[in-house]
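Chain by chain, the residues run as shown.
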Amino acid sequence: TEEMTIGGQLVMTTAGGADDIMLTRMDIKGPVSIRTGNGADKLTIQGTSSFNSGVKIDQGAGDDSMSLGTAIDLVSFKKAVSIRQGAGNDKMNVAASTALTGLTFGVAGSRIDGGTGTDTLTESIVQVGMGANVRFLNYENQG
């Protein structure tokens with residue numbers, strides 16, 4: 001599968017209900033806004049992908065899950081990221097990283113917020129030197 005390039009912004013808005021979104025092998029030049037509304041939503045960002053502008057994701061209320069990166073490819077956020085999972089028992093999986101795989105946050109100021117509920121964060125290791133650029137909030141279980 002070839003990489004998909006979007007030269008401008010990407011805006012995705014879904015209604016309430018269980019939404020399943022996968023972005024793979026993306027090169028997005030403009031800002032990204034994803035709002036999934038209430039419901040048990042799943043969002044996956046994988047494949048070697050690059051986000052060159054700010055990213056805002058709001059999964060609304062519900063038992064949401066999100067996976068960012070994998071152990072075999074690199075997802076790179078070059079500007080600040082704001083992710084809100086909202087009320088509910090949410091799961092966040094952040095790929096463990098090496099110099100060429102996983103997940104990187106290129107600038108300081110990124111926030112990933114589990115919201116209220118019992119939220120779980122797994123594989124919370126980000127690339128050496130990039131971990132200081134992201135804050136994980138309201139995750140009760142980390143490992």
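Keep in mind it's a predicted model, so treat the numbers as computed, not measured.

Enquirer: Teacher, can you tell me more about the nonpolar core here?
Expert: Burial of nonpolar side chains together is a common tendency in soluble globular proteins. Ranked by internal contacts, the top residues of the largest apolar core, which has 28 residues, are Phe51, Phe77, Met92 and Ile112. If we ignore the near neighbours within four places in the chain, the residues touching methionine 92 are Met66, Leu68, Ile83, Gln85, Ile112, Thr120, Leu121, Thr122 and Tyr139.

Enquirer: What is the right way to look at the sheet that holds strand β16 (residues 134–137) in this model?
Expert: The strands making up a sheet associate through backbone hydrogen bonding, with each pair oriented either parallel or antiparallel. Taken in spatial order, the six strands line up as β2-β5-β8-β11-β14-β16 in an open sheet, and their pairing is parallel. Looking along the sheet, the strands with just one partner apiece sit at the ends: β2 (10–13) and β16. Strand-to-strand twist across the sheet, computed as the mean angle between neighbouring axes with direction ignored, equals 5°.

Enquirer: Sorry if this is basic, but what is going on with the sheet that holds strand β1 (residues 4–6) here?
Expert: Read from one edge of the open sheet, five strands run β1-β4-β7-β10-β13, paired in parallel fashion. With one partner strand each, in any of the chains shown, β1 and β13 (102–105) form the two edges of the open sheet. Within this sheet the neighbouring strands show an average axis-to-axis angle of 10°, counted without direction. Across three bridges, the pairing between strand β7 (residues 49–51) and strand β10 (residues 74–77) is parallel. Directly across from serine 50, in β10, lies its bridge partner serine 76.

Enquirer: Explain the pairing of strand β9 (residues 65–68) here, please?
Expert: Regular strands place side chains that alternate from one sheet face to the opposite one. With burial as the criterion, only one face of β9 is covered, namely that bearing Met66 and Leu68; the residues Ser65 and Ser67 on the opposite face remain uncovered. In the sheet, strand β6 (residues 42–46) pairs with β9 via four bridges, with the strands oriented parallel. By the bridge assignment for β9, isoleucine 45 is matched with leucine 68. Pairing geometry for β9 and strand β12 (residues 91–94), over four bridges, is parallel. Following the sheet pairing, serine 67 is matched in β12 by asparagine 93.

Reading guide: rules and limits
Residues numbered from 1 in each chain as written. Predicted model: local features only at pLDDT ≥ 70, side-chain atom pairs only at ≥ 80, totals over all residues. Heavy atoms only, no water. Core = buried A, V, L, I, M, F, W, Y, C linked by side-chain atoms within 4.5 Å. Buried < 20%, exposed > 50% of the residue type's maximum accessible area, 1.4 Å probe, protein only. Contact = heavy atoms within 4.5 Å. Pairing = 2+ DSSP bridges. Helix = DSSP H or I, 4+ residues; strand = E, 2+ residues; numbered from the N terminus. Axes fitted to C-alpha atoms, helices over the stretch in contact; angles between N-to-C directions.

Everything listed here is a matter of coordinates, which is why it stays silent on function.
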